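Listed below are the residues making up each chain.
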Amino acid sequence: MRHAIRFLLGHEARTIESCDPTLTVLDWLRGPERLIGTKEGCNEGDCGACTVVVVRPEGPPGAERLRYRAVDACITFLGQLDGCQLLTVEHLRGADGTLHPVQRLMVEEHGSQCGFCTPGFVMSLFALTKDPPAATGDARSSASPIDDALAGNLCRCTGYAPIVRAAERALAAPEADAFDAAHDATLARLLRLHDAETVAVAGPRGRFLAPATIPALVDLVAEHPRATIVAGATDVALWVTKGLRVLDPVIWLGRVRALRVVDETPDHLSLGAGVSLAEAGTHLARLHPDLGELFRRHGAAQTRNAGTLGGNIANGSPIGDAAPALIALGARLHLIGRGTEREIPLEDFFIAHGRQDLRPGEIVAGVRVPKLGPETIFRAYKVSKRFDEDISALLGAFRLTRDGGTVTQARIAYGGMAGTPKRALRAEAALAGLPLDAALVPAVRAALAQDFTPLSDMRASAGYRLKVAGNLIERLIHESGPHAPETCLAAIREPAHA
Ligand SMILES: Cc1cc2nc3c(=O)[nH]c(=O)nc-3n(C[C@H](O)[C@H](O)[C@H](O)COP(=O)(O)OP(=O)(O)OC[C@H]3O[C@@H](n4cnc5c(N)ncnc54)[C@H](O)[C@@H]3O)c2cc1C
Ligand code: FES
Ligand code: FES
C-alpha cells in the first residue's frame with residue numbers, strides 16, 4: 001500500500017499524502033498552488049477554460065513514448081494524476097521568459113483577445129502540436145484536425161479565426177521545444193513513479209483508492225460495496241462540481257493497465273474498459289469509418305482523452321453514444337468480480353432506466369466487438385443540436401447482412417428512444433428477408449412506433465425522435481445503394497453524389 005499520490009507538476013516532483021478523493025485538479029491549482037493561469041468557466045467540462053495537459057508514458061513496455069493529452073482540470077480529480085506529468089500554461093514559458101512557440105504564434109496572430117479563455121486555447125494547441133494528426137492515425141476523419149482540437153474550447157466573442165491561424169502556423173512549421181529536449185529524462189522519471197502498489201490517500205471528506213492490478217481491484221470493490229468507481233470521471237466529477245455530492249470512498253481504475261489492453265483476432269476487436277474514448281475511436285474506426293466519426297463527436301478532445309469506453313457503457317445512460325453502435329455490431333460485455341467472470345450480450349446489460357446487470361462487487365472489464373463480414377452494411381448516425389461537443393438527441397446504428405440484395409439479418413439499435421439503449425426488434429423483423437429498398441420504409445416506420453415510446457425532453461420531443469428514427473432508416477437505405485459514401489458524415493461535408 002502506498003499512502004501518497006506522486007506526479008510531476010511541470011518538472012517538479014510532487015507527493016500528496018493527504019487530499020479529499022474528489023478534489024479537482026482545477027481547485028488544487030487555483031487554491032493551494034496559486035497557479036491561476038488555468039481558469040474556471042463552467043466547472044463541468046464544457047468550455048475548456050481550465051484545459052491542462054496530462055503527459056503519460058504510452059506504448060508497449062520498453063518502447064514507451066510520452067503522449068500529451070488535453071483534459072479539463074475542472075472534471076479531473078487530483079488522484080488521477082498519479083504517475084503523470086501535469087503541465088499548465090505556467091509551464092510553457094522557458095526559464096528565461098521566452099514564450100513557447102504556441103504562445104508566440106497566438107500573440108503574432110492576435111489570438112489572445114479576452115485573455116480569459118486564452119490559457120485553455122494555448123494548452124489545447126500545445127497538445128495538438130505534441131500529438132499532431134498524422135500520429136493519431138485519424139486520416140479518415142472528416143473533421144479538420146484544428147477544429148477537432150479546439151472544439152472543446154469556447155471563445156465567447158467568437159474570435160476563432162486568429163486562433164485557427166495560429167494553429168495552422170504551429171502545425172505547418174513544428175518547432176522543437178524544451179519538452180522535446182527533456183523527453184527521455186521525463187519518461188524515465190515517470191516510469192520510476194509506476195509501481196504495483198495500491199494507492200490509498202485520505203482527506204477530511206473521504207478516501208481515494210487506486211489499485212494497480214485486477215486482483216487488487218476486485219478485492220477492493222468487494223470490500224467497499226458503497227464505493228464509487230471512477231474511470232475518467234467525466235460523469236462522476238459533475239456529481240461533485242454540480243451535484244455537490246460527497247463520495248467516499250472512491251476507487252479509481254486508471255492505474256490498472258490490464259483494463260487498457262486492446263486485443264485483436266481475425267474475427268474480433270477486444271477493448272478494455274479503461275481504454276479512453278479517443279483511443280477506442282481510433283481502433284473502432286478500423287472496423288468501420290462511421291465508428292471513428294461517431295467517437296470523434298463524443299464531447300470534445302478533452303472529454304475523449306479522459307472518458308473511457310467502460311464508463312460510457314457502465315453509466316447506463318440512454319443517450320450514451322457507444323452502446324447503440326456496439327449493440328448493433330453484436331458486441332459482448334466482459335464483467336469481472338472477486339472470483340467471478342462472465343460475458344453477456346451488451347444489450348442484456350441495460351435492464352431498465354438506471355438499472356444495469358452489474359452484480360454487487362462486479363465491474364465492467366471490457367467489450368468484445370465482432371468484425372464486419374463482406375456482405376455486411378454498417379451505419380451509425382448521431383443526431384444532436386450541435387455537431388461537436390453535444391450529447392445525442394438520438395442515435396441510430398444499423399448492421400445489415402445481405403445475400404444479393406436481400407437482407408438476411410438485421411441488428412438495429414437506438415439511443416435516446418427509450419430509458420436504455422435498445423434494439424428495435426420489430427423494425428429488424430420488418431427488414432429481414434426483403435430487398436433493401438425504399439418500399440420498405442412505411443412498414444419499418446410502423447414497426448419503430450411499436451418498438452419505442454420515446455420521451456419528450458430538452459433535447460427533442462417524442463414526435464421528433466420517432467420521425468427522425470424512421471428518417472435514419474430511409475437514409476440508411478439511400479446510402480446503401482450504388483453511390484454509398486464512405487462515411488455518413490463525409491457525405492454531409494463533401495457531397496459524394498456531386
Ligand atoms: C463536456 C462533456 C461532453 C460529453 N459528451 C458526451 C457525448 O457526446 N456522448 C456521450 O455518450 N457522453 C458524453 N459525455 C458523458 C461522458 O463523457 C461519458 O459518459 C463517458 O464515457 C464516461 O466515462 P468516464 O470514464 O469518464 O466515466 P466515469 O465518470 O468515471 O464513470 C461513469 C459511471 O460509470 C461507472 N463506471 C466507470 N467505469 C466503470 C467500470 N469499468 N465498471 C463499472 N462501473 C464503471 C462509474 O461508477 C459511474 O457510475 C460528456 C460529458 C462531458 C463532461
Ligand atoms: S471550467 Fe469549463 S471546462 Fe472546465
Ligand atoms: S477570446 Fe476569449 S472569449 Fe473570445
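The structure displayed is predicted, hence computed values, not measured ones.

The rules we used
Residues numbered from 1 in each chain as written. Chains lettered and ligands numbered in written order. Predicted model: local features only at pLDDT ≥ 70, side-chain atom pairs only at ≥ 80, totals over all residues. Axes fitted to C-alpha atoms, helices over the stretch in contact; angles between N-to-C directions. Helix = DSSP H or I, 4+ residues; strand = E, 2+ residues; numbered from the N terminus. Parallel < 35°, antiparallel > 145°, perpendicular 65-115°, else oblique. Left-handed = near helix turned anticlockwise from the far one by under 90°. Contact = placed C-beta atoms within 7 Å. Nonpolar A, V, L, I, M, F, W, Y, C, P; charged D, E, K, R; others polar. Pairing = 2+ DSSP bridges. Domains from an automatic or database assignment. Near = placed C-beta within 6 Å. Buried ≥ 20, exposed ≤ 12 C-beta atoms within 10 Å, placed from the backbone.

### Concerning the packing of helix α2 (residues 101-108) against helix α3 (residues 118-130)
Two elements in contact, α2 and α3, have axes whose closest approach is 9 Å; the angle formed by their N-to-C orientations is 125°. With respect to α3, the axis of α2 lies oblique. Helix-helix and strand crossings are classified by hand; for α2 and α3 the assignment is right-handed. For the pair formed by α2 and α3, the contact residues are Val102, Gln103 and Met106 on the first element and Thr118, Val122, Leu125, Phe126 and Thr129 on the second. Class assignment of the residues belonging to the contact of α2 with α3 gives a composition of five nonpolar, three polar and no charged.

### Quick notes on the sheet that holds strand β10 (residues 262-264)
Spatial ordering of the open sheet is given by β10-β11-β16-β12-β13, a layout of five strands whose pairing is antiparallel. Looking along the sheet, the strands with just one partner apiece sit at the ends: β10 and β13 (340-345). For this sheet the average axis-to-axis angle between neighbouring strands, irrespective of direction, equals 20°. Note: strand β12 (residues 332-337) against strand β16 (residues 363-370), five bridges, orientation antiparallel. Within the sheet, the bridge partner assigned to Leu335 lies in β16 and is Val364.

### Some words on the domain arrangement of the protein chain
Per the domain assignment, the segments making up the protein chain are domain 1 (1-197) and domain 2 (376-493). Taking the mean C-alpha position of each, domain 1 and domain 2 sit 38 Å from one another.

### So, the sheet that holds strand β19 (residues 406-415)
The strand order across the open sheet built from four strands is β17-β18-β19-β20, with neighbouring strands paired in antiparallel fashion. Unpaired on one side and paired on the other, β17 (376-383) and β20 (422-423) mark the two borders of the sheet. Bridge count for strand β18 (residues 394-403) against β19 is nine bridges, and the pairing is antiparallel. Within β19, the position partnered with Phe398 by the bridge is Ile412. Across the sheet, helix α15 (residues 322-329) lies against β17, β18, β19 and β20, angled at about 160° from β19, the strand it touches most.

### Some points on the site of ligand 1
Residues in contact with ligand 1 amount to 31 residues; listed here are only the nearest, Gly45, Gly232, Gly299, Gly311 and Asn312. Elements supplying a minimum of two residues to the shell around ligand 1: β8 (228-230), α13 (301-306), α14 (309-314) and β16. Among the elements that make up the shell around ligand 1, the one with the highest residue count is α14 (four residues). In terms of residue class, the shell around ligand 1 is made up of 14 nonpolar, 14 polar and three charged.

### Examining unusual backbone geometry
Here Asp248 and Pro249 are connected by a cis peptide whose omega angle stands at -10°. With a phi close to 55°, Arg34 is a non-glycine residue in the positive phi region. As for its placement among the helices and strands, Arg34 is situated in the loop between α1 (25-30) and β3 (51-58). Arg34 sits in the exposed class, given 7 other C-beta atoms within 10 Å. Of note in this structure, Asn43 is not a glycine but carries a positive phi near 60°.

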